[in-house]
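Structural overview for review
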Amino acid sequence: TLFLARSALAFHVPLLPRQHHHHDALMTNPLQMTMDDGDAPSDMDDSAYDSRQDLLDVAKSLKDEFGPLIIDSKAQEKLKSVVGELEKNSEPPVDTEGMIGDWTLLCSTASTEKFMGIDTSNLPFFNADIVKDIRSTLNKSLQVQQKIKLGDSGEISRVDHVIQYMPPNELSAFTSALPDALQSLNINPLEVTKEEVILVHKADVESTIPFINTKLALESIVLNIAGKSQYLEPEGADLLGVNVPFGEFLNSGSFDTTYVDDELRISRSKVGVVDQLRVFVREASTKTVVVEETEEPVADAEIVDAPSDVEDEGTNGDDEVADEPVAEVDDSDDEADDSDVDAPSDVEGSD
């Protein structure tokens, strides 16, 4: 849970003065996570297509090696480089419709190797094999989603950051440098299968030029836990919920969407002096589809008159229902009754 709370801080946007920051790579031209490449936009030129493919290849490779939160400085620079190329070779988005849906974080440079101003990459302890193994296991057990939702007005009104952690069951999952007696030690007695910290934000799109800028205000925090133990729900249940007062004043921030297509999205933000870069892939089942209503009748639903020689399902054999004369209708009935269908004369009355 402490690991989840620390990871959640990387995706919380604190109060910052509004600023339209221009990134070096942009100065020249103001995934259910299946891990496939997805379809590039049909109108994308060759340079943008190649840049998009390079980004996907690099991002997937870095995720396999480091998990979604990249803390290695060289890996961060590699990601920033390929992202910058795609941003440079493509036009910035102006339509927010493409942002709607559930997005899974492929990788991010939101975390940093510096702790309290100290570069931990130069400290022997932080580079010890056992520490690297533990950090890698925790990172790879983490999944982050960003869920962007529409409000009643048809505009983006809510953004949820969902940080999921799937804890291992045995101590050996963290490192193999342990005595045999400790390898199979159960560190998950409650059989927790998933922990979620959900950061619920009120959202508002403030501008679309030069990029789509979305302002967030933290409204509540929810802790959800699922497990196989008799004390836990298999599908998960909310164990804790905290409303955050004055979120618009004390816990707000914003992010820019610098690229988006049907399967891939890039967002940038800034906390203090730290630039945050995130690459998302869309969950396959959450792509927004706009269905236009039509008043044309459905052909298959057209009501037709049954033929007079329809077989009686209540009889045995092939006997046909005999034709019976239709009872005459009194002409004095109101016009409102003209649409009523006349019952056959052999139908039993209700009296």
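Every chain is numbered independently, its residues counted from 1 as its sequence is written. In view of the model being predicted, local features appear only for residues whose pLDDT reaches at least 70, and side-chain atom pairs are presented and counted only at 80 or more, with totals across whole chains, interfaces and linings using the full set of residues. The basis for every side-chain value is the complete set of non-hydrogen atoms in the structure, without hydrogens or water.

1. As for helix α2 (residues 46–66)
- Each helix is a run of H or I in the DSSP string that is no shorter than four residues. Each strand is a run of E no shorter than two, and both are numbered from the N terminus. Multiplying 1.5 Å by the helix residue count minus one yields the expected span of that helix. Along its 21 residues, α2 runs 30 Å from first to last C-alpha, staying within 8% of the 30 Å computed at 1.5 Å per residue.
- Along α2, the residues that are buried comprise Ala 48, Ser 51, Arg 52, Gln 53, Leu 55, Leu 56, Val 58, Ala 59, Lys 60, Leu 62 and Phe 66.
- Those residues of α2 hidden inside the fold are in contact with α3 (73–89), β1 (101–108), α4 (129–140), β9 (252–260), β10 (264–271) and β11 (274–282).
- Gly 67, located one to two residues past α2, shows a positive phi value of around 90°. Each residue is placed in one exposure class: buried if its accessible area under a 1.4 Å probe, protein chains only, is under 20% of its type's maximum, exposed if it is over 50%, and partly exposed if it falls in between. Here a residue-residue contact requires only that any non-hydrogen atoms of the pair lie within 4.5 Å.

2. Observations regarding the side chain of Gln 276
- Within the secondary structure, Gln 276 sits in strand β11.
- The exposure class assigned to Gln 276 is buried, which follows from its relative accessible area of 6%.
- In terms of polar contacts, Gln 276 uses its side chain to reach the side chain of Arg 278, at 3.0 Å. Between N or O atoms, a polar contact is any pair within 3.5 Å; within protein, one atom must be a potential hydrogen donor and the other a potential acceptor, and residues adjacent in sequence are included only when both atoms are from side chains.

3. As for α3
- Counted at 1.5 Å a residue, the expected span for α3 with its 17 residues is 24 Å, and the 25 Å between its end C-alpha atoms agrees.
- Restricting attention to buried positions, one finds in α3 the residues Ala 75, Gln 76, Leu 79, Val 82, Val 83, Gly 84, Leu 86 and Glu 87.
- On its buried side, α3 packs onto α2, β1, β9, β10 and β11.

4. A word on the pairing of strand β8 (residues 237–243)
- Of all 7 residues in β8, 0 are buried; the element is thus mostly exposed.
- Sheet topology places strand β7 (residues 212–227) next to β8; 6 bridges connect them, and they run antiparallel. Note that in β8 the partner of Asn 224 across the bridge is Asp 238. By definition, two strands form a pair when at least two bridges between them are found by DSSP.

5. A few points about the packing of aromatic side chains
- Aromatic pairing here means that ring centres of Phe, Tyr or Trp (its six-membered ring) are within 6.5 Å. Orientation follows from the plane angle: under 30 degrees is stacked, over 60 is edge-to-face, and everything else is tilted. On inspection of all chains with the given rule, the structure shows 0 aromatic pairs.
- Charge over a ring is defined by NZ of Lys or CZ of Arg lying within 6 Å of the ring centre and within 35 degrees of the ring normal. Looking at Arg 265, its charged tip hangs above the ring of Phe 280, at a distance of 4.5 Å from the centre.

6. Observations concerning the packing of α2 against α3
- Two elements in contact, α2 and α3, have axes whose closest approach is 8 Å; the angle formed by their N-to-C orientations is 160°. In terms of orientation, α2 and α3 fall into the roughly antiparallel class. Here α2 and α3 pass one another in a crossing that is left-handed. Residues Ser 47, Ala 48, Ser 51, Arg 52, Leu 55, Val 58, Ala 59, Leu 62 and Phe 66 of α2 pack against Ala 75, Lys 78, Leu 79, Val 82, Val 83, Glu 85, Leu 86 and Asn 89 of α3.
- Its residues assigned to classes, the contact of α2 with α3 shows 11 nonpolar, 3 polar and 3 charged. For every element, the axis is a line fit to its C-alpha atoms; helices are fit only across the contacting stretch, and the angle between N-to-C directions ranges from 0 to 180 degrees. Angle categories: roughly parallel below 35 degrees, roughly antiparallel above 145, roughly perpendicular from 65 to 115, and oblique for all the rest. Two helices that cross are described as forming a left-handed crossing if the nearer one is turned anticlockwise from the farther one by less than a right angle, and a right-handed crossing if clockwise. Throughout, the ten residues Ala, Val, Leu, Ile, Met, Phe, Trp, Tyr, Cys and Pro are labelled nonpolar, Asp, Glu, Lys and Arg are labelled charged, and all others, Gly among them, are labelled polar.

7. Some remarks on a negative patch on the surface
- A cluster of acidic residues, Asp 45, Asp 46, Asp 50, Asp 54 and Asp 57, forms a negative patch at the surface.
- Structurally, Asp 57 is set in helix α2. Patches here: salt-bridge-free residues with over 30% relative accessible area, like charges joined within 9 Å, nonpolar side chains (Val, Leu, Ile, Met, Phe, Trp, Tyr) joined within 5 Å. Areas reported here follow the Shrake-Rupley algorithm with a probe of radius 1.4 Å; residue values treat only the protein chains shown as occluding. Any Lys or Arg side-chain nitrogen found within 4 Å of a carboxyl oxygen on Asp or Glu counts as a salt bridge. Neither His nor the chain ends contribute to the count of charged residues, in which Lys and Arg are positive and Asp and Glu negative. By convention, the charge on Lys lies at NZ, on Arg at CZ, on Asp at CG and on Glu at CD.

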